[in-house]
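# Inside the fold
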Amino acid sequence: MVELYANAIVNGLLIGAIYALVATGLNIIFGVMRVVNFAHGEMVVIGMYIGYACWQLLGLPPWASVLVAMIAMFAAGYLFQRAIGNEFVDKPQHVQFVLYIGLALAITGLHAIIFGPDPRGIQSAASFATYRIGPLRIDATRLHAAAAALVIVFGLWAWLRYSLTGKAMHAAAENLTGGKAIGIRITHIFALTAGIGMACAGTAGALIAPLYDTNPYLSSEFTLTAFIIVIVGGLASLPGALVGGLLIGVSEALAAVMISPSAKSFVSYCLLLIVILVRPQGLFSARRTGR
Amino acid sequence: MTRLLDIQDLTAGYNGVTVLSGVSLHVDEGETVAVVGANGAGKTTLIRAIAGMVHATSGIVTFSGTNITNQPTDRICEAGIAQSPEGRQLFVSLSIEDNLRLGAILKRARARTDDNLARVFDLFPKLKARRHQLAGTLSGGEQQMVAIGRALMAEPKVVMLDEPSLGLAPVMVDLMFDTIADLNKQGMSILLVEQNTGESLALSSRGYVLENGSVVLQGTGEALLQDDRVRKAYLGL
Ligand SMILES: Nc1ncnc2c1ncn2[C@@H]1O[C@H](COP(=O)(O)OP(=O)(O)O)[C@@H](O)[C@H]1O
Ligand SMILES: [Mg+2]
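Residues numbered from 1 in each chain as written. Chains lettered and ligands numbered in written order. Predicted model: local features only at pLDDT ≥ 70, side-chain atom pairs only at ≥ 80, totals over all residues. Heavy atoms only, no water.

## Section: a nonpolar patch on the surface
Residues and elements named next belong to chain A.
- On the surface, Met1, Val2, Leu4, Val257, Met258 and Ile259 cluster together into a nonpolar patch covering about 650 Å² of accessible area.
- Within the residue set of the nonpolar patch, elements represented by two or more residues are helix H1 (2–33) and helix H10 (238–258).
- Relative to the helices and strands, Ile259 is located in the loop between H10 and helix H11 (264–278). (Patch = residues over 30% accessible without salt bridge, like charges linked within 9 Å, V, L, I, M, F, W, Y side chains within 5 Å. Areas by Shrake-Rupley, 256 points an atom, 1.4 Å probe, with all protein chains shown as cover. Salt bridge = Lys/Arg side-chain N within 4 Å of Asp/Glu carboxyl O. Helix = DSSP H or I, 4+ residues; strand = E, 2+ residues; numbered from the N terminus.)

Put into structure tokens, the structure is as follows:
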């Protein structure tokens with residue numbers, strides 16, 4: 001019994017690290033631009049398909065597939081923001097909603113056209129390697145994916161905090177008027193933000209491509225999970241995304257062994273409700289006050 | 001003297017409401033020029049229109065001989081116009097030093113960030129001691145120093161100051177105007193927008209009086225200080 005729970009917790013933490021990366025992307029986009037990316041889950045699925053295509057069809061090594069997904073999604077996010085997104089930053093929320101929902105539907109449609117509705121999975125010997133530590137059995141692919149996700153999350157924090165461009169993103173998030181007044185190129189900063197946010201989602205997708213079969217319709221579940229994490233952790237808070245991701249990962253895994261695998265989302269929603277009722281600002285309220 | 005900033009017949013406003021109508025003024029190299037006027041006269045709108053933050057519906061803004069009307073703000077800053085905006089607009093959850101360093105994010109000055117930082121700290125020694133303190137924790141006067149310092153970090157050819165004395169304690173007001181006079185002595189060209197008519201005209205070579213979005217009087221600082229209308233309406237004499 002103890003073994004079962006211990007393994008569930010470890011697996012929950014590992015998937016939680018991936019969730020944290022997805023939620024970090026959503027939070028950066030919201031934190032800097034006050035825009036909600038309703039197509040975030042679709043970006044995870046794009047990453048999964050990129051991972052699948054690079055690894056299974058082109059035979060690239062896993063790390064290279066992840067790198068391709070990261071770079072491609074960064075470029076796509078940057079260009080999308082420059083071409084379309086920046087026009088919508090000042091628009092009312094319901095207009096933004098239509099843009100991002102439309103984007104989500106378009107991406108899912110494209111996936112269905114290109115890859116078909118059937119699940120696509122990566123078959124690889126590496127998928128079955130495990131580490132054993134005492135009673136724990138840890139899937140190697142899962143561990144590597146989680147480690148990579150954490151490295152990216154912490155690397156991103158450090159970059160945002162210590163680089164001049166990261167500080168400019170912080171500045172634009174906090175005081176857009178002040179940022180404009182000193183000549184920060186807001187269109188560029190917003191495009192970088194979108195690129196980074198979408199690259200987080202896409203990279204997370206590529207990291208889990210060997211673990212889960214991909215189909216076009218996984219996206220809405222990813223989006224919802226990311227939203228729950230962001231609300232539980234605290235809007236626009238980066239530590240909130242990390243802690244929220246790990247928390248949701250573990251609680252889902254425990255729910256699966258204690259109640260039933262289908263109780264996963266139910267437990268996440270309960271957690272969400274509790275947080276909304278008890279601490280509506282989330283576990284970590286962001287330092288940033290908005291603009 | 002070289003004409004640095006030249007504004008001809010500038011009209012600008014918000015969402016179809018005209019605020020500035022036909023404003024003409026100029027700043028020559030090395031000058032301090034004051035624009036005085038009551039609250040709501042359009043002083044901030046003037047600065048924002050020059051900086052490309054408010055759309056100019058007609059008129060021409062020329063800077064160093066180049067037409068910069070309605071250019072993107074970052075390009076106008078890159079050309080050498082910096083500002084300490086109304087309300088200071090600091091990044092309150094960043095440190096003083098980070099606020100200043102962000103002022104040098106422009107290509108024109110980034111390579112010399114450390115030299116300019118040292119220069120700003122010479123001008124405002126108080127900021128140096130507190131460089132790691134969050135900008136939001138400073139007094140109004142110190143925040144104004146950061147806002148001016150941040151503008152200077154861009155190595156501007158002209159700096160626009162929007163009501164630097166607003167909301168400051170009397171001692172700080174004097175210090176602020178002394179600093180502005182010093183800056184000008186070091187060669188900086190300054191467009192000073194103020195409600196504090198007496199002090200700002202006293203340190204400016206020329207001045208303009210703005211009323212309801214139009215220039216109603218102009219002249220040397222001294223002449224305006226002697227002008228009956230100015231004395232009555234703005235100095236309470
Ligand atoms: N963002 C804005 N939107 C609409 N009207 C504005 C805005 N900012 C200022 N105004 C109006 O423009 C006029 C001039 O304002 P402003 O330029 O701020 O004057 P000043 O800086 O001299 O006090 C005022 O009537 C003000 O109400
Ligand atoms: Mg004003």
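There is more to say after this.
## Side note on the sheet that holds strand S6 (residues 81–84) of chain B
All names here are of chain B.
- Ordered in space as S6-S7-S8-S3-S9-S10, the 6 strands form an open sheet in which the pairing is mixed. Because the sheet does not close on itself, it has two edges, and the strands there are S6 and strand S10 (214–220). On average, each strand axis in the sheet is tilted by 20° relative to the strand beside it, whichever way the strands run.
- Here 5 bridges tie strand S7 (residues 158–162) to strand S8 (residues 189–194), and the two strands are oriented parallel to one another. (Pairing = 2+ DSSP bridges. Axes fitted to C-alpha atoms, helices over the stretch in contact; angles between N-to-C directions.)

## Notes on helix H7 (residues 170–185) of chain B
Residues and elements named next belong to chain B.
- Look at H7: 23 Å from first C-alpha to last across 16 residues, which is about the 22 Å you get at 1.5 Å a residue.
- All of the buried residues along H7 are Met172, Val173, Met176, Phe177, Thr179, Ile180, Leu183 and Asn184. Each buried residue of H7 sits inside an arc of 155° when the element is viewed along its axis, so together they form one side. For H7, the exposed residues lying more than 90 degrees away from the buried face are Pro170, Val171 and Lys185.
- Summarising the contacts, the buried residues of H7 are in contact with strand S3 (32–36), helix H4 (113–123), helix H6 (140–152), S7, S8 and helix H8 (197–202). (Expected span 1.5 Å × (residues − 1). Buried < 20%, exposed > 50% of the residue type's maximum accessible area, 1.4 Å probe, protein only. Arc of directions from axis to C-beta. Contact = heavy atoms within 4.5 Å.)

## Considerations on the site of ligand 1
Residues and elements named next belong to chain B.
- The local shell around ligand 1 consists of Tyr14, Val19, Ala38, Asn39, Gly40, Ala41, Gly42, Lys43, Thr44, Thr45 and Glu86.
- Here an oxygen atom of ligand 1 sits 2.7 Å away from a polar atom, N or O, in the main chain of Gly40.
- At 2.7 Å from an oxygen atom of ligand 1 is found a side-chain nitrogen or oxygen belonging to Thr44.
- When ligand 1 is considered free in solution it has 560 Å² of accessible area, and contact with the protein chains removes 59% of it.
- Among the elements that take part in the shell around ligand 1, helix H1 (residues 43–50) stands out by supplying 3 residues, more than any other. (Near = heavy atom within 4 Å. Polar contact = N/O pair within 3.5 Å; in protein donor to acceptor, adjacent residues only side chain to side chain.)

## What to know about the interface of chain B and chain A
- With 22 residues of chain B in contact, the opposing surface of chain A contributes 17 residues.
- Carbon and sulfur atoms make up 66% of the surface buried where chain B meets chain A, a total of about 1,800 Å² over both sides.
- The salt bridge involving A:Lys167 is made with B:Asp98; its shortest N-O contact spans 2.9 Å.
- Put simply, chain B and chain A have 6 residue pairs in polar contact (both at pLDDT 80 or more) between them.
- For the side of chain B that touches chain A, the elements supplying multiple residues, two or more each, are helix H2 (73–79) and helix H3 (96–103) of chain B.
- With 4 residues, the single largest contributor to the side of chain B that touches chain A is H3(B).
- By residue class, the composition of the side of chain B that touches chain A is 10 nonpolar, 5 polar and 7 charged. (Buried area = accessible area lost by both parts, 1.4 Å probe. Nonpolar A, V, L, I, M, F, W, Y, C, P; charged D, E, K, R; others polar.)

## Considerations on the packing of aromatic side chains
- One pass over the structure, following the stated rule, counts 7 aromatic pairs over all chains.
- When the ring of A:Tyr52 is compared with that of A:Phe115, the centres are 6.3 Å apart and the planes differ by 80°; the resulting orientation is edge-to-face. On the criterion of sequence distance, the pair formed by A:Tyr52 in helix H2 (residues 40–57) and A:Phe115 in helix H4 (residues 93–115) is long-range, its members being 63 residues apart.
- Here a set of aromatic residues connected by ring pairs shows up, and it is made of A:Phe38, A:Phe97 and A:Phe227.
- Positioned above the aromatic ring of B:Phe91, the side-chain terminus of B:Arg150 is 5.0 Å from the ring centre. (Phe/Tyr/Trp six-rings, centres within 6.5 Å; stacked < 30°, edge-to-face > 60°. Lys NZ or Arg CZ within 6 Å of the ring centre and 35° of its normal.)

## Brief notes about the sheet that holds strand S5 (residues 66–67) of chain B
All names here are of chain B.
- The strand order across the open sheet formed by 4 strands is S2-S1-S4-S5, and the pairing between neighbours is antiparallel. The open sheet has two edge strands with one neighbour each: strand S2 (17–28) and S5.
- Of the pairings in the sheet, the one linking strand S1 (residues 3–14) to strand S4 (residues 56–63) comprises 6 bridges and is antiparallel in character. Bridge assignment links Thr11 to a residue of S4, and that residue is Ser58.

Nothing here speaks to function; it is all geometry.
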